[in-house]
Amino acid sequence: MKYLYHLITKYPLSSCLIAVIWYLCFFTPPHTKLNEVDNIDKWTHTAMYLGTCTIIWIEYLRRHQRVAWCKAVALAWMAPLLMSGLIELLQAYCTDGRRSGEWLDVAANSIGVTMGLVIGILLAKYRGKA
């Protein structure tokens, strides 16, 4: 519990974005004209995870003099991937059909997180913290 409090206080924007992702993944979205755009759902997943992962990196780099690569990659890459898989499993088995868990969503999330990882590595090298 203490570690969770530490993460929320040290990474407030990241924590907020993660909470928004959890909310968006379990509410029933209204039908709009955007639903007619091909693969809009996958683009949305990629953008959400790219943005969240990039913000995690920015907050991490602001608080650390040097990058502890194992910890940073676990926090900003592996944790969002695991969260993504968990969310899809919960959507598939715990929403009574309101939401469907899709492995293509996990793939889109993985693309976003990996793009965020690349951005984080580039930011660390640019700021001389690598």
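Figured I'd write up the structure that's included with this text. (Residues numbered from 1 in each chain as written. Predicted model: local features only at pLDDT ≥ 70, side-chain atom pairs only at ≥ 80, totals over all residues. Heavy atoms only, no water.)

Examining the side chain of Asp105
1) Next: Looking at the secondary structure, you find Asp105 in helix H5 (residues 103-126).
2) Next: Engagement of the side chain of Asp105 in a polar contact is seen with the side chain of His45, the distance being 3.5 Å. (Helix = DSSP H or I, 4+ residues; strand = E, 2+ residues; numbered from the N terminus. Polar contact = N/O pair within 3.5 Å; in protein donor to acceptor, adjacent residues only side chain to side chain.)

Thoughts on the packing of aromatic side chains
1) Next: All chains considered together, the criterion is met by 4 aromatic pairs.
2) Next: Measuring from centroid to centroid gives 6.3 Å for Trp57 and Tyr60, while their planes differ by 75 degrees, and the two rings are edge-to-face. Remark: Tyr60 and Trp57 occur in helix H3 (residues 40-63); sequence separation between them is 3 residues, near one turn of the helix. Comparing Trp57 with Tyr60, the two get one shared label, buried.
3) Next: Ring geometry for Trp57 versus Trp69: centroids 5.9 Å apart, planes at 45 degrees, classification tilted. Separated by 12 residues along the polypeptide, Trp57 in helix H3 and Trp69 in helix H4 (residues 69-94) bring together distant segments of the chain.
4) Next: Under the relative-accessibility criterion, Trp57 is labelled buried at 0%.
5) Next: One aromatic cluster is present, built from ring pairs that chain together Trp57, Tyr60 and Trp69. (Phe/Tyr/Trp six-rings, centres within 6.5 Å; stacked < 30°, edge-to-face > 60°. Buried < 20%, exposed > 50% of the residue type's maximum accessible area, 1.4 Å probe, protein only.)

Considering the packing of H4 against H5
1) Next: Closest axis-to-axis distance for the H4/H5 pair is 9 Å, and the angle between their directions is 165 degrees. As summarised for this structure, H4 and H5 are arranged roughly antiparallel, according to the angle between their axes. As H4 runs across H5, the sense of the crossing is right-handed. Of the residues in H5, those touching H4 at Trp69, Val73, Ala76, Trp77, Pro80, Leu81, Ser84, Gly85, Glu88 and Leu89 are Trp103, Asp105, Val106, Asn109, Ser110, Val113, Thr114, Leu117, Ile121 and Ala124.
2) Next: A breakdown of the residues in the contact of H4 with H5 according to their chemical character gives 13 nonpolar, 5 polar and 2 charged. (Axes fitted to C-alpha atoms, helices over the stretch in contact; angles between N-to-C directions. Parallel < 35°, antiparallel > 145°, perpendicular 65-115°, else oblique. Left-handed = near helix turned anticlockwise from the far one by under 90°. Contact = heavy atoms within 4.5 Å. Nonpolar A, V, L, I, M, F, W, Y, C, P; charged D, E, K, R; others polar.)

So, the environment of Glu59
1) Next: Among the secondary structure elements, Glu59 is positioned in helix H3.
2) Next: Setting aside chain neighbours within four positions, we find Glu59 in contact with Tyr11, Pro12, Leu13 and Ser14.

A word on unusual backbone geometry
1) Next: One non-glycine residue, Asn39, lies in positive phi territory at about 60 degrees.
2) Next: Inspection of the secondary structure assignment puts Asn39 in the loop between helix H2 (12-26) and H3.
3) Next: Judged by its relative accessible area of 52%, Asn39 falls in the exposed class.

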